[in-house]
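The chain contents come next:
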Amino acid sequence: MMNEGVKSNIKATKPETESGKTYHIRVGNGDVPGIMLLPGSPERAMVISKNWEDSRELAFYREFRTMVGNYKGTPIGCTSTGCGPVGAEIAIHELNASGVHTAIRVGSTGSISPRFDLGDIVIPVAAIRADGTSDCYVDRGFPAVANVDVVNALAQACENLGYKYGYGLMYCPASFYLGQGRKIREDGYWPSFAPNIIPDLQSAGVTNIDTDTSGQYIVGQLHGMRMGAVMSIISNRIRDTWGDNGGEEKVSRVACEAVRILAEQDKKENPLRL
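The model shown is predicted, which means the values in this text are computed figures rather than measured ones. The residue count restarts for each chain, going from 1 along the sequence in the order it is written. This being a predicted model, a pLDDT of at least 70 is required before a residue's local features are given, and a value of 80 or more before pairs of side-chain atoms are given or counted; all residues contribute to the totals for chains, interfaces and linings. The basis for every side-chain value is the complete set of non-hydrogen atoms in the structure, without hydrogens or water.

Looking at the packing of aromatic side chains
Pairing of aromatic rings covers Phe, Tyr and Trp, the last through its six-membered ring, and needs centres within 6.5 Å; plane angles under 30 degrees mean stacked, over 60 mean edge-to-face, and all others mean tilted. Scanning all chains against the criterion turns up 3 aromatic pairs. Aromatic side chains Tyr23 and Tyr61 sit 5.9 Å apart centroid to centroid with 75° between the ring planes, which places their arrangement in the edge-to-face category. Of this pair, Tyr23 sits in the segment before strand 1 (35–39) while Tyr61 sits in strand 2 (residues 54–61), and the two are 38 residues apart along the sequence. Taken together, a centroid distance of 5.8 Å and an interplanar angle of 85° make the contact between Tyr165 and Tyr167 edge-to-face. Each helix corresponds to a stretch of at least 4 residues labelled H or I by DSSP, and each strand to a stretch of at least 2 residues labelled E; elements are numbered beginning at the N terminus.

Section: the side chain of Thr17
Mapping Thr17 onto the fold places it in the segment before strand 1. Polar contact is the term for a pair of N or O atoms within 3.5 Å; when the atoms are in protein, one must be able to donate a hydrogen and the other to accept it, and sequence-neighboring residues count only if both atoms are side-chain atoms. A distance of 3.2 Å separates the side chain of Thr17 from the side chain of Ser19, its partner in a polar contact.

Side note on the packing of helix 3 (residues 148–161) against helix 6 (residues 247–269)
The convention used is that axes are lines fitted to C-alpha atoms, helices contributing only their stretch in contact, and that angles between N-to-C directions extend from 0 to 180 degrees. The interhelical angle for the contact between helix 3 and helix 6, taken along N-to-C directions, is 120°, at an axis separation of 8 Å. Accordingly, the angle class assigned to the pair helix 3 and helix 6 is oblique. The element helix 3 and its partner helix 6 pack so that their crossing is right-handed. The residues of helix 6 that touch helix 3, namely those facing Asp149, Val150, Ala153, Leu154, Gln156, Ala157, Cys158, Asn160 and Leu161, are Arg253, Val254, Ala255, Glu257, Ala258, Arg260, Ile261 and Leu262. The residue inventory of the contact of helix 3 with helix 6, partitioned by class, reads 11 nonpolar, 2 polar and 4 charged. Reported orientations rely on four angle classes, namely roughly parallel under 35 degrees, roughly antiparallel over 145, roughly perpendicular from 65 to 115, and oblique for the rest. Take the far helix as the reference: if the near one is turned anticlockwise from it by less than a right angle, the crossing is left-handed, and if turned clockwise, right-handed. Any two residues whose heavy atoms approach within 4.5 Å are treated as being in contact. Under the grouping applied here, Gly and all other residues not named as nonpolar or charged are polar, the nonpolar ones being Ala, Val, Leu, Ile, Met, Phe, Trp, Tyr, Cys and Pro and the charged ones Asp, Glu, Lys and Arg.

Dropping the structure here:
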């Protein structure tokens, strides 16, 4: 039996809905602006859109909630990607197929550096690739780096809003628990390498950890997109503390302001992007 809402002559290499929208995120050309924000959770999409003059839900299927609206006169949108780089790969590919050329991850992360505490803002300049998804695209030696225009726009946005921020070097494993040095249980499996994960990263100057960012940077870059991220610290692995401390709302505002900055720059410097 065919899935409801899918064309009978659908191609496996390019799945679409009956109306010609992308299969997973349910958008098409002209539906979304060229610069999109990528929160992980669908709930964060709602937090982000509260900063807009107007907003509406364009589509919501599985973990992919897409909102569009305007921020200070600039068209803006966001699509939630779920938890992990596999869902993000789908969203990035289908957004790019719908005309998106720039994307900014808006997420949370764990600090392993004394520089950052709960609620602080990190702009990851580069990420160590252990996410798994990006290995399907390119050799592990290929670097996962943010686009410099996006990094600069995020930094300017923090300054415009009066928020303290710092640049980060991330580690992105395909694991939240054991792969980040968290025990499965006290008397369970605990390999010899696990206690050294965090200390080894700290000795190399790594500042924070998440599961998504390196995969998003690689997938987006290889689609010809400008990629970046702004993260709020939700866990402090040094102090073993957890909490938002207002960080989610701050990075949501920063991301929106960065979209405005990038859009204004594109009008002046690269009008063909619009």
